[in-house]
Amino acid sequence: MRAPDLEQLYYRFVPAANIYQVVGNPSLEPESSRSWQAGFDYTPSYKLRLGFNAFHNDVDNLIEAVSLGFLTSPAQRAALLAREGVDPSFAPQLGRLLFVYRNVRAVTTQGIELDGQADLGRGIQIAAAYTYLDAIDQESGDALAGRHPHQGTARATWVSASRGLRAELRGSFFSSWVATAGHGGSSPIEEAPKYALLDLYAAKRFAHGFEVFGAIDNLTDSQDPNTGIVLEDGTAAPIYRPEIG
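Residues numbered from 1 in each chain as written. Predicted model: local features only at pLDDT ≥ 70, side-chain atom pairs only at ≥ 80, totals over all residues. Heavy atoms only, no water.

The next point concerns the overall build of the chain. Within the chain, the regular secondary structure consists of 2 helices and 12 strands. Listing the helices and strands of the chain from first to last along the sequence gives α-β-β-β-β-α-β-β-β-β-β-β-β-β. Within the chain, buried positions represent 35% of all 245 residues. The long-range fraction of contacts in the chain, counting pairs at least 24 apart against all pairs at least 6 apart in sequence, stands at 57%. Element-wise, carbon and sulfur atoms account for 57% of the exposed surface of the chain, whose accessible area totals about 13,900 Å². Seen as two clouds, the 20 positive and the 28 negative side-chain charges of the chain have centres 10 Å apart. (Helix = DSSP H or I, 4+ residues; strand = E, 2+ residues; numbered from the N terminus. Buried < 20%, exposed > 50% of the residue type's maximum accessible area, 1.4 Å probe, protein only. Contact = heavy atoms within 4.5 Å. Areas by Shrake-Rupley, 256 points an atom, 1.4 Å probe, with all protein chains shown as cover. Lys, Arg positive; Asp, Glu negative; His and termini not counted. Charge placed at Lys NZ, Arg CZ, Asp CG, Glu CD.)

Turning our eyes to something else, we now look at a nonpolar patch on the surface. On the surface, Phe 40, Tyr 42, Leu 48 and Leu 50 cluster together to form a nonpolar patch covering roughly 380 Å² of accessible area. Of all the elements in the fold, those that place two or more residues in the nonpolar patch are β3 (32-45) and β4 (48-70). For Tyr 42, the position within the fold is in strand β3. (Patch = residues over 30% accessible without salt bridge, like charges linked within 9 Å, V, L, I, M, F, W, Y side chains within 5 Å. Salt bridge = Lys/Arg side-chain N within 4 Å of Asp/Glu carboxyl O.)

The next thing to look at is the environment of Asp 199. Mapping Asp 199 onto the fold places it in strand β11 (residues 195-207). Dropping the residues within four chain positions of it, Asp 199 is found in contact with Glu 168, Leu 169, Arg 170, Ile 216, Asp 217 and Asn 218. Of the polar contacts made by the side chain of Asp 199, one reaches the backbone nitrogen of Asn 218; its length is 2.8 Å. (Polar contact = N/O pair within 3.5 Å; in protein donor to acceptor, adjacent residues only side chain to side chain.)

The subject of this paragraph is the environment of Asp 119. Position of Asp 119 relative to the elements: it lies in strand β5 (residues 97-121). Sequence-wise, Asp 119 and Ala 135 are 16 residues apart; in three dimensions their C-alpha atoms are separated by 34 Å. Every residue in contact with Asp 119, bar those within four places of it in the chain, is listed here: Lys 47 and Ile 124. At a separation of 3.0 Å, a polar atom in the side chain of Asp 119 contacts the main-chain amide nitrogen of Gly 121.

Bringing the pairing of β3 into the picture now. In this sheet, β4 lies alongside β3 in antiparallel orientation, the contact comprising 12 bridges. Directly across from Arg 34, in β4, lies its bridge partner Asp 58. The hairpin formed by β3 and β4 contains 2 residues between the paired strands. (Pairing = 2+ DSSP bridges.)

Taken as a whole, this structure holds 7 aromatic pairs when the rule is applied. Site record: aromatic cluster; members linked through ring pairs are Tyr 11, Phe 13, Tyr 20 and Phe 99. If you follow Lys 204 out to its NZ or CZ, it ends over the ring of Phe 206, 5.7 Å from the centre. Its end group placed over the ring of Tyr 195, Arg 241 keeps NZ or CZ at 3.7 Å from the ring centre. (Phe/Tyr/Trp six-rings, centres within 6.5 Å; stacked < 30°, edge-to-face > 60°. Lys NZ or Arg CZ within 6 Å of the ring centre and 35° of its normal.)

The subject of this paragraph is the pairing of β4. Pairing between β4 and β5: 20 bridges, direction antiparallel. Bridge assignment links Ala 54 to a residue of β5, and that residue is Ile 112.

If the charged atoms of two oppositely charged side chains come close together, the side chains can form a pair. In total, this model carries 8 salt bridges according to the counting rule given. Close ionic contact of Glu 64 with Arg 147 constitutes a salt bridge, the shortest N to O distance being 2.4 Å. With Glu 64 in strand β4 and Arg 147 in the loop between β6 (124-137) and β7 (150-160), the pair connects residues that are 83 residues apart, well separated along the chain. Judged by its relative accessible area of 8%, Glu 64 falls in the buried class.

This is the structure:
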């Protein structure tokens, strides 16, 4: 059993650097869950490790931040707040993606996780992980919003101890995902496109305890494909990934 915290009940967050907002819901109920997981690690040599994990969770009254889509007009905002039972004094801003905390009555999440790491020699090491997730609202039969069915990471690292150098290229990969749930048929299901992020990191040690490093996040400047697009009615196209790029 887990009761909603103060953030989920009364939060109002409108970040200046992004285009989303989150508001709390004072009518939330406690959530409860039953779960199991099983897995193993396999290490055939000191240069190679493989891992596997399977999991299953049944949750009642799951508390999650649900996307209600972009707010485009006062009338639309009023209708959404009334439908969700959200206090209108939170006053969500127009022109932003709105997330609201709510209870999902009966939810099942299950899947598998795979990961591995290998030492290739000459200071080179690679690692990767993959997760498959099946997340369903058992009451409506809809997939849960904000969860990627497939996602993974990959990393390549090079270290030269004699030169004091270290470099790393990291990748994160996400499948298409449900951005706005269907709420049992009361609103359309919106699907957001897949994407990948690449980060680069390098460091040089000059003396004991002194190191200089640099990093480039989102190396390919990956952005939501709707960024900067204006629809025929003059409103901005919905952006499902709030990071700027």
